[in-house]
Structures are given as structure tokens and as C-alpha cells.
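So the chains spell out like this:
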Amino acid sequence: MLHNLHSATANLSRCIAARIRLTMSPMKTLMRFNTWLRERFGCRAQRVALHTGLSCPVRDGTLATGGCIYCNNLAFNRGAAEPPLPLAVQLREGMSAARRRYKAQQFIAYFQTYTATHGPIAAVSAQWEEALAQPGVVGLAVGARPDTLPPPVVEFLARLAERTMVWIEIGVQSTHDNSLQWMERGHDWPAARQALRNCRDAGLLVAAHMILGLPGENTSAARDSGARLAEAGIHGVKLHHLHAVRGTKLGELYLASRWLPVTAGEYADQAAALLGELADGTVVLRLSGDCLPELLLAPEWGTDKQQVEQMIVDRLSAASVTLR
Ligand code: SF4
């Protein structure tokens, strides 16, 4: 009888200890893009940003001409104002810089500026094939809007994905329709959700580009967005804080004192809330946005990316989420 009691107590203790270990150990792990690439390719792989000369539906008159309220492609790519150099030249120069700076050994052709799927399928697919033909290029990352992914484009990318790595980065920006209207995006959340699902079902690696710090969105709204993205089955997420850039409508609002950015702490709260909802193993392609210093109006805290990242990591850690 005494023996049985000791044995039951020992079992209970082991059970409690296991529970404590479970509670104390991280419950979810998200992966930095660099970690994910290193595990896939076994070396440092780096994206090389390319400028294709394509426009987008809210600039070229397809839907509108004014562009999204926050957008100035020059803020992250000086070359976007000029006619593009041949892709082979852009890639050669970009790969050479990435070799010097990051000791990168393999490269991903990153179709970043404007909307890389907004053109005749023959023309855009020829660009992707040309990039993949360059020695050292091991995959593609293609930036798109939800409304520029018709079946022929998705099917073409899916065929490429059978022989190489293909990430499609879809500009979702928010899952809240009032925010999408305020940003003058020209699409709603259901359209974005459908595009995410279509691309995922076709076998592409799908990343959602999201903006946080939007007027009227708080931590709870960010959490909702994270849950909706997880439900749509994304593989990766790219976060950007809303900032005012010269040459944009938001920049004018800021200069007229009609818009103020959130604080770094508020942004970190929202970022951690969104990330905390994503599935285990989701890839984090970026934690905050970039802007050329000469074009940035506000907020200044965005220039200290390391500090912003640490603030997000600390909050994730407090919620038992690891970013490795
Ligand atoms: S964010 Fe994209 S869709 Fe909006 S104006 Fe800029 S390039 Fe066009």
C-alpha cells in the first residue's frame, strides 16, 4: 500500500516537472529568413533587388494614378527612377556587392520594385527565366499585389517552383478593409486572402507584406491580422512600420501635422502581437521597413533597426515565442 502511494507520488512529480518544462520552454519558433536560407542552401544566400521598369495598377491608370498613400519606390531603390539596366547587369553588380558585404555564395533574384507581375505574361515570365539563367541564382522572390496574380501567372510561377525556389511576396498590408481604403490600395482583404490561398495551393512559398502602425489599428487589430494570415496558410511574413516619406501623400499629411507615427514601443507591441499568432516555423523575412535617409520624414526611430528588432524579440520572448 505504502509502495503504491510512493509510486503514485513519484509519477505525479514527474508529470508536474514535465509540465513545468513544457511551460518554461518556448512554445513556438519563428525563423529568420537568413536562418531559413542557410538551412536550405547550406551557405549564406542573399537576395539581389531588381528593377524591371514595370508599374502598378494604382499608378498606371488600371485602377488609379496616385499610388498608395505611403509609397515612394525611391525610398528603398534609388534606381527605380531611371529606366532599368539589363537584368544580367543588375544581377552581376548586386551579386558582386553581396559577395563583398555578406560573403554570400548563392543568390535570389528579387523582383522588388512596383509590381513584378503587372505585365503581359510573356514579358514577365521572360524576365524570371532570364534571371534564373544567371550563374549563382538559385531562386526567385517576386513582389505582387493580390489583383495581379491571375491563373496564368500563378501557373507559370508554379511550374518554375518545380525546379527552383520561388517566393511570392504579396502586398497585403492590412487585413482591415478600412485601413486598406485609407491607404488607397485598391483591393480589400478578401481579395488578398484569395490570392494568398491560390498561390499556396499552387505550391509557391507565400509571404505576406504587412504594414503596422496604421491609424485606427492597435495591438488587438494586429493580433487579428496575424490570426487571419495564419488561417490563410502563409509561409512567411514581412513587416514594415508605416513611415512618412518625401514625395508621398502620407508625407504631405505629416508635414501638414495631420498624421503622426506610432512610437517604437507601440510598433513593437503590434509586431509581436501579429507574429505571436503565426504558425510554428513561419519565416520572418523582415521586422521593420527601410528608407533612404534623405527621403525619410518620420519616424526617426525606424532608422535604428537593431533596437526595433530587439524590442520585438523581447516581447516575443515574454510570450514564449523564439525567433531563431
Ligand atoms: S505600394 Fe505597390 S501597389 Fe502601391 S503604389 Fe507602391 S508599387 Fe504601387
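Remember, it's a predicted structure, so these values are computed and weren't measured experimentally.

Conventions and cut-offs
Chains are numbered independently. Their residues run from 1 in the order of the written sequence. Where local features are concerned, this predicted model is filtered to residues with pLDDT of at least 70; where side-chain atom pairs are given and counted, the filter is 80 or more; whole-chain, interface and lining totals use all residues. A run of H or I in DSSP counts as a helix once it spans at least four residues, and a run of E counts as a strand once it spans at least two, with each numbered from the N terminus. Buried residues are those with 20 or more other C-beta atoms within 10 Å of their own C-beta, exposed residues have 12 or fewer, and partly exposed residues lie in between; C-beta atoms are placed from the backbone. Predictor confidence is given residue by residue as pLDDT, running from a minimum of 0 to a maximum of 100. Once C-beta atoms have been placed from the backbone, residue pairs whose C-beta atoms lie within 7 Å are recorded as contacts. By convention in this section, buried Ala, Val, Leu, Ile, Met, Phe, Trp, Tyr and Cys residues joined through C-beta atoms within 7 Å make up a nonpolar core. A pair of strands is considered paired only if DSSP assigns at least 2 bridges between the two. For every element, the axis is a line fit to its C-alpha atoms; helices are fit only across the contacting stretch, and the angle between N-to-C directions ranges from 0 to 180 degrees.

Trainee: Quick rundown of the overall build of the protein? Include the residues and the values.
Mentor: The number of helices and strands found in the protein is 11 helices and 11 strands. Residues classed as buried in the protein amount to 43% of the 324 residues present.

Trainee: Residue-level account of unusual backbone geometry, with values.
Mentor: Excluding glycine, residues mostly have negative phi values, and the peptide bonds linking residues are mostly trans. Between alanine 298 and proline 299 the backbone carries a cis peptide bond, its omega angle lying at 0°. The topology assignment puts proline 299 in the loop between β10 (296–298) and α11 (305–318). Despite not being glycine, glutamine 173 has its phi angle at roughly 70°, a positive value. Since 26 C-beta atoms lie within 10 Å of it, glutamine 173 is described here as buried. Of note in the backbone geometry, serine 320 takes a positive phi value of approximately 60° without being a glycine. As for its placement among the helices and strands, serine 320 is situated in the loop between α11 and β11 (321–323). Given 14 C-beta atoms within 10 Å, serine 320 falls into the partly exposed group.

Trainee: For the confidence of the model for the protein, give the residues involved together with the corresponding values.
Mentor: For the protein, the average pLDDT comes to 91, and 90% of its residues sit at 70 or higher. Every residue in residues 1–10 scores below 50 in pLDDT, and together they form zero contacts with partners more than four places removed in sequence or on other chains. Low pLDDT (under 50) marks residues 12–25, which in the prediction has zero contacts with non-local residues, meaning those over four places away or in another chain.

Trainee: Before we move on, could you go through the nonpolar core and cite the residues and values that matter?
Mentor: Formed by 88 residues in total, the largest nonpolar core has its most connected members in Ala109, Ile168, Ile170, Val237 and Ala271. For this core, the leading source of residues is helix α10 (residues 264–276), giving eight residues. Once you skip the residues sitting within four places of it in the chain, alanine 109 turns out to touch Val48, Leu50, Leu91, Ala131, Leu132, Val137 and Leu140.

Trainee: Go over the sheet that holds strand β4 (residues 137–144) with me, naming the residues and quoting the values.
Mentor: Spatial strand order, β2-β3-β4-β5-β6-β7-β9-β1-β11: nine strands in an open sheet with parallel pairing. In the strand order of this sheet, the two ends are held by β2 (45–50) and β11, each with one partner. The mean angle between the axes of side-by-side strands here comes to 25°, regardless of whether they run parallel or antiparallel. Looking at chain direction, β2 and strand β3 (residues 106–111) are connected through six bridges and run parallel. The residue of β3 that forms the bridge with glutamine 46 is phenylalanine 107. In the packing of helix α7 (residues 189–201) onto the sheet, contacts are made with β5 (165–173) and β6 (205–212), and the angle to β5 comes to roughly 170°. Running over the sheet, α10 touches β1 (28–32), β6, β7 (236–241), β9 (283–286) and β11 and is turned about 150° from β6.

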